Amino acid sequence: MALDLSAIGRPIGPLVREYGWKDVILYALAVGAGFDELQYTWEKDLKVIPTFSVATIFDFFWAVAKQSNLDPRGALHGEQEILFHTPIPVSGTLTTNGAITDFFDKGEKGAVIRGRSVTVHSNGSRLYTNVMSIFSRLDGGFGGEEGPSRRVEIPGRAPDFTVDALPSADQPLLYRLTGDYFALHVDPEFARASGFERPIMHGLCTLGFACRALLQSLIPGEPERTRRIACRFTRPLYPGEPIRTLIWQTGEGKALWRVIHAGTGQSVIDGGEFEYDGR
């Protein structure tokens, strides 16, 4: 199996998806929201957690993986960036168009496949742009460019906010119902064949926990003020393990963040950036 380098620029889409308030609430529950966040878990005055945007484009992820011809046994989420153009309505029809933009060769470490998509709502609004990277551990060494390395300098001081969370031991079983059915997060045999002792958390599920922490700390009850979120996934996390989101305010409407394993202190998501309407 070899990467299909000719896939760069090949159109993906239009990918069309209808969604409603039940999908919005399911996503919120899947990333840990509950009775203490009824604005995300009750249809009365419902608001949308911004990272729900990623759950609406799983078909784009699958298309990037298929067109790139990567080896699924080595596939992990590498990076994610979301730019928000308009607040996300609680229902409607979404149309997503995008393409693979880059293949980067990291040698023995693997390969990076990058894709970019834009999603438009049925009311005519452009909602969000997603830039995603898949780190394919088994597909490096094809002779391509190494590509840039994303670097974010986290402040050396103590964080301004610290938010602890404990995902359930069964969290991936719920999160996968939002649309991410990759076997790595549910099939013990596939997980072992991929080098893990058991199924791991979806990185995007952990991102959802982090997004909730950012909202709670910086713009409580006002997710529509979110303008951008970006991060790099650094280590796998097993379901049921405690996490801690560390947040540093760095300017008006800007913050840096990371997620660590609360037991070991190791980074799970790093280089986090968050931008919001500072008002």
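Read on for a plain summary of the structure.

Rules used in this analysis
Residues numbered from 1 in each chain as written. Predicted model: local features only at pLDDT ≥ 70, side-chain atom pairs only at ≥ 80, totals over all residues. Heavy atoms only, no water. Core = buried A, V, L, I, M, F, W, Y, C linked by side-chain atoms within 4.5 Å. Buried < 20%, exposed > 50% of the residue type's maximum accessible area, 1.4 Å probe, protein only. Helix = DSSP H or I, 4+ residues; strand = E, 2+ residues; numbered from the N terminus. Contact = heavy atoms within 4.5 Å. Expected span 1.5 Å × (residues − 1). Pairing = 2+ DSSP bridges.

Turning our attention to the nonpolar core. With 71 residues, the main nonpolar core has Ile 229, Trp 257 and Phe 274 as its most contacted residues. Among the elements that line this core, the one with the most residues is helix H7 (residues 203-218), at nine residues. The contact partners of Phe 274, leaving out residues within four places of it in the chain, are Leu 214, Leu 215, Leu 218, Ile 219, Thr 226, Arg 228, Ile 229, Gly 253, Lys 254, Ala 255 and Trp 257. Membership of the second largest hydrophobic core comes to five residues, among which are Ile 154, Leu 246, Trp 248 and Ile 260.

Along its 16 residues, H7 runs 22 Å from first to last C-alpha, staying within 8% of the 22 Å computed at 1.5 Å per residue. A large share of H7 lies buried, amounting to 14 of its 16 residues.

Put simply, Gly 13 and Pro 14 share a cis peptide bond, and its omega is 5 degrees. Considering the arrangement of structural elements, one finds Pro 14 in strand S1 (residues 11-19). A positive phi angle is found at Asp 45, which is not glycine, with a value near 55 degrees. Within the secondary structure layout, Asp 45 lies in the loop between helix H2 (38-41) and helix H3 (52-55).

Here we come to the pairing of strand S5 (residues 126-136). The element S5 is extensively covered by neighbouring structure, given that nine of its 11 residues are classed as buried. As paired strands, strand S2 (residues 75-84) and S5 are joined by nine bridges and run antiparallel to one another. Opposite Glu 81, over in S5, you have Val 131 as the bridge partner. Linkage of strand S4 (residues 111-121) to S5, two consecutive antiparallel strands, is achieved through a turn of four residues, within which Gly 124 is found at a positive phi near 95 degrees.

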